[in-house]
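Letter by letter, the chains look like this.
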Amino acid sequence: MAGPLDGVRILDCTTVVLGPWAAQQLGDLGADVIKIEPPEGDTTRVLGPARNPGMAAFYLGCNRSKRSIVLDLKQEAGRQALFKLAETADVIMHNYRPEPAKRLGVEYEKFEKINPRIVYLATYGYRAAGPMGSKAAYDDIIQAGSGLAALQTVVAGQPRFLPTIVADKTSSNGVVSALLAALFARERTGKGQSVEVPMYETLVSFVMVEHLYGETFKPALDTAGYKRVLNKERRPYPSKDGYFALLPYTDNHWREFCTLVGREDLAKDERFQGMANRLKNVEQYYATLAGLCAERTNAEWVELLKNSNVPHGPVNTLEDLFVDPQLEATGFWKDVDHPTEGKLRMPDIPPRFSKTPAEVTRLQPRLGEHSVEVLTEAGFTQAEIDAMLKSGATRTATTNK
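Residues numbered from 1 in each chain as written. Predicted model: local features only at pLDDT ≥ 70, side-chain atom pairs only at ≥ 80, totals over all residues. Heavy atoms only, no water.

For the protein, the name recorded in an unreviewed UniProt entry is CoA transferase, with Reyranella aquatilis as its organism.

### Details of the packing of aromatic side chains
Which entries qualify depends on this criterion: Aromatic pairing here means that ring centres of Phe, Tyr or Trp (its six-membered ring) are within 6.5 Å. Orientation follows from the plane angle: under 30 degrees is stacked, over 60 is edge-to-face, and everything else is tilted. Numbering goes from the N terminus for both helices and strands, where a helix is a DSSP run of H or I of at least four residues and a strand is a run of E of at least two. Throughout, exposure labels follow a simple rule: accessible area from a 1.4 Å probe, protein chains only, divided by the maximum for the residue type, with under 20% read as buried, over 50% as exposed, and the rest as partly exposed. Geometrically, a charge over a ring is one whose NZ (Lys) or CZ (Arg) sits within 6 Å of the ring centre while staying within 35 degrees of the ring normal.
Counting across every chain of the model gives 14 aromatic pairs. Centre to centre, the rings of Trp 254 and Phe 272 are 5.6 Å apart; their planes meet at 75°, and the pair counts as edge-to-face. Here Trp 254 is found in helix 11 (residues 251-260), whereas its partner Phe 272 is found in the loop between helix 12 (264-268) and helix 13 (275-280), with 18 residues between them in sequence. Across the pair, exposure class does not vary: Trp 254 and Phe 272 are buried alike. Through a chain of ring-to-ring contacts, three or more aromatic side chains come together here, namely Phe 244, Trp 254, Phe 257, Phe 272, Tyr 285, Tyr 286 and Trp 301. Here the basic side chain of Arg 296 rests over the ring of Trp 301, its NZ or CZ set 5.1 Å away from the ring centre. Over the aromatic face of Phe 322 sits the side chain of Arg 345, whose NZ or CZ is 4.2 Å from the ring centroid.

### Quick notes on the pairing of strand 4 (residues 91-94)
Just so we agree on the cut-off: Note on pairing: DSSP must find at least two bridges between two strands before they are called paired.
Side chains Val 91 and Met 93 of strand 4 all project onto a buried face; the interleaved residues Ile 92 and His 94 project onto the opposite face, where all are buried too. Pairing analysis gives three bridges linking strand 1 (residues 9-12) to strand 4, with the strands arranged parallel. By the bridge assignment for strand 4, Leu 11 is matched with Ile 92. As defined by bridge partners, strand 4 adjoins strand 5 (residues 119-124) across four bridges and the pair is classed as parallel. Following the sheet pairing, His 94 is matched in strand 5 by Ala 122.

### Side note on unusual backbone geometry
Residues Lys 218 and Pro 219 are joined by a peptide bond in cis, for which omega reads 0°. By the element assignment, Pro 219 lies in the loop between helix 10 (199-211) and strand 7 (237-238). A positive phi is found at Ser 65, a non-glycine position, where the angle reads about 55°. Phi at Tyr 213 takes a positive value of approximately 45°, unusual for a residue other than glycine. Overall, the relative accessible area of 25% leaves Tyr 213 in the partly exposed class.

### Considerations on the layout of surface pockets
Operational definition: A pocket, in this scheme, is an open set of points on a 1 Å grid over the protein atoms alone with protein on both sides within 12 Å along at least 5 of 7 lines, while a cavity is a set where a 1.4 Å probe fits but cannot get out; residues line either one if an atom lies within 4 Å of a point. Grid points are joined across faces, edges and corners, and a volume is the space filled by probe spheres set on the points. Note that Gly is not counted as nonpolar here; it falls among the polar residues with everything else outside the nonpolar set of Ala, Val, Leu, Ile, Met, Phe, Trp, Tyr, Cys and Pro and the charged set of Asp, Glu, Lys and Arg.
Empty space within the largest pocket amounts to approximately 1,300 Å³. For the lining of the largest pocket, the secondary-structure elements that each account for two or more residues are helix 1 (18-28), helix 2 (57-60), helix 9 (166-189) and strand 11 (342-347). A per-element tally of the lining of the largest pocket places strand 11 first, with five residues. Class assignment for the residues of the lining of the largest pocket results in 25 nonpolar, five polar and eight charged. Here the second largest pocket is characterised by a volume of approximately 850 Å³. The element best represented in the lining of the second largest pocket is helix 4 (residues 98-104), accounting for three residues. Of the residues contributing to the lining of the second largest pocket, the split by class is 17 nonpolar, six polar and 10 charged.

### Some thoughts on the sheet that holds strand 6 (residues 194-198)
Working definition: the strands of a sheet are paired by backbone hydrogen bonds and lie parallel or antiparallel to each other. What counts here: Fitting a line to C-alpha atoms yields each axis, with helices limited to the stretch in contact; the angle taken between N-to-C directions then spans 0 to 180 degrees. Any pair of residues with heavy atoms lying within 4.5 Å of one another is described as a contacting pair.
Pairing in this open sheet of six strands is parallel, and the strands run 3-2-1-4-5-6 from one edge to the other. This sheet does not close on itself; its edge strands, each paired only once, are strand 3 (66-70) and strand 6. Along the sheet, successive strands turn relative to each other by an average axial angle of 20°, direction set aside. As defined by bridge partners, strand 5 adjoins strand 6 across five bridges and the pair is classed as parallel. Counted as the bridge partner of Tyr 120 is Ser 194 from strand 6. Seen against the sheet, helix 9 touches strand 4, strand 5 and strand 6 and runs at an angle of roughly 165° to strand 5. Sheet strands in contact with helix 10 are strand 5 and strand 6, and its direction is about 60° off that of strand 6.

### Description of the environment of Pro 39
Turning to its location among the elements, Pro 39 is positioned in the loop between strand 2 (32-37) and helix 2. Ignoring anything within four residues of it in the chain, the contact list for Pro 39 reads Val 70, Leu 71, Asp 72, Leu 367, Gly 392 and Arg 395.

### A few points about helix 11
Structural remark: α-helix, 3.6 residues per turn; residues separated by three or four positions point the same way. Cut-off, in case you're wondering: When we speak of the arc, we mean the arc of directions from the helix axis to the C-beta atoms.
Listed in full, the buried residues belonging to helix 11 are His 253, Trp 254, Phe 257 and Cys 258. For helix 11, the buried positions fall inside an angular range of 125° around the axis, keeping them on one side. Looking at the packing, one finds that the buried side of helix 11 touches strand 8 (243-246), helix 12, helix 13, helix 14 (282-293) and helix 15 (298-305).

### Some remarks on the side chain of Arg 278
Stated precisely, the cut-off is as follows: Any pair of nitrogen or oxygen atoms within 3.5 Å is treated as a polar contact; in protein, a donor-acceptor pairing is required on top of that, and neighbouring residues in sequence qualify only through side-chain atoms on both sides.
Structurally, the position occupied by Arg 278 is in helix 13. On the accessibility criterion, Arg 278 (4% relative accessible area) is buried. Among the polar contacts listed, one links the side chain of Arg 278 to the backbone oxygen of Thr 250, at a separation of 3.4 Å.

### Some words on the pairing of strand 3
Counting buried residues along strand 3, five of its five residues qualify, which places the element largely inside the surrounding structure. Residues of strand 3 alternate between two faces, with Lys 66, Ser 68 and Val 70 on one and Arg 67 and Ile 69 on the opposite face, all of them buried. Note that strand 2 and strand 3 share five bridges and pair parallel. From the neighbouring strand, Glu 37 faces strand 3, where its bridge partner is Val 70.

Next comes the structure, spelled out in structure tokens:
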């Protein structure tokens, strides 16, 4: 059977990661995603190792399950082509800030007149209504502004960025959920709407889930910041031959763990009786776990805890993930033969559906690979397409060579 979003058509005008990864997830779920690129292509096409120009690793990670069409939206012919595609689309998504979107003439009101059922999603740095609404933002800037970088001071002694583009990817998941909600609302009401997904507000919400803490109350009952995780000793602990992760979190976990390591005395220790006391004495709690972890090798810990309910696990490197037993057992890594890029490795689609299975519908497209196909589907004649090719309003994979 087709994926759960079969029959949904999405015009993806986004670039880099935030929008493209969201659109890829929607494509994996069965949507017909048309990636609309400028003549020079998405910037990620040149980031990272590549076998062929314009097909770099970064691009390949965010753009499967899509078709690619080139439209120069700075030209009237390119904008008119986009408007015509919007007549039968369910979604248009872009990451132009409000002012550039207005200059390009691609505001929501234009699309609403063309297709009242369309969901128009704009995703960018900050809510447009605020004083930062016109400012550009990338992952580093949002990590800094949202408080995420400052949290690293606990372990690094100074603000540091997480070594992953967490702001982009967290916001990307926000795009997916917002679009699905808007499509559901349209099914109920018959009407589309404009949706805004800002990175900054999304990440502040993300960070403050646990870190609002005492400031949840007015007046505050404590400072902001969840004390258990704001501790430099919260880390994988050194074992006899490496590092290992241990977290006997609940009261049952703690009692079972103490029994397994032969330290029933710790289960009776008043400092550690009950989650509230373990939080109050979190530094001693972590120090105790660190001391116990150093007494065994990783293999000995795995053997000791394998039949228990105590949360535990190894510290995997990026390379370890390619041979991880859990990922191997569930078929997470997929080898595919790309028609131009050869054999590629790709991660699986994480969710599984019992009746509408998700699948990778297409491998990553070359720049403009489907320009003629998509324009023809939209009703353009060959003469009109030839005129657009001649003017540069569109391009194909052939004309990019």
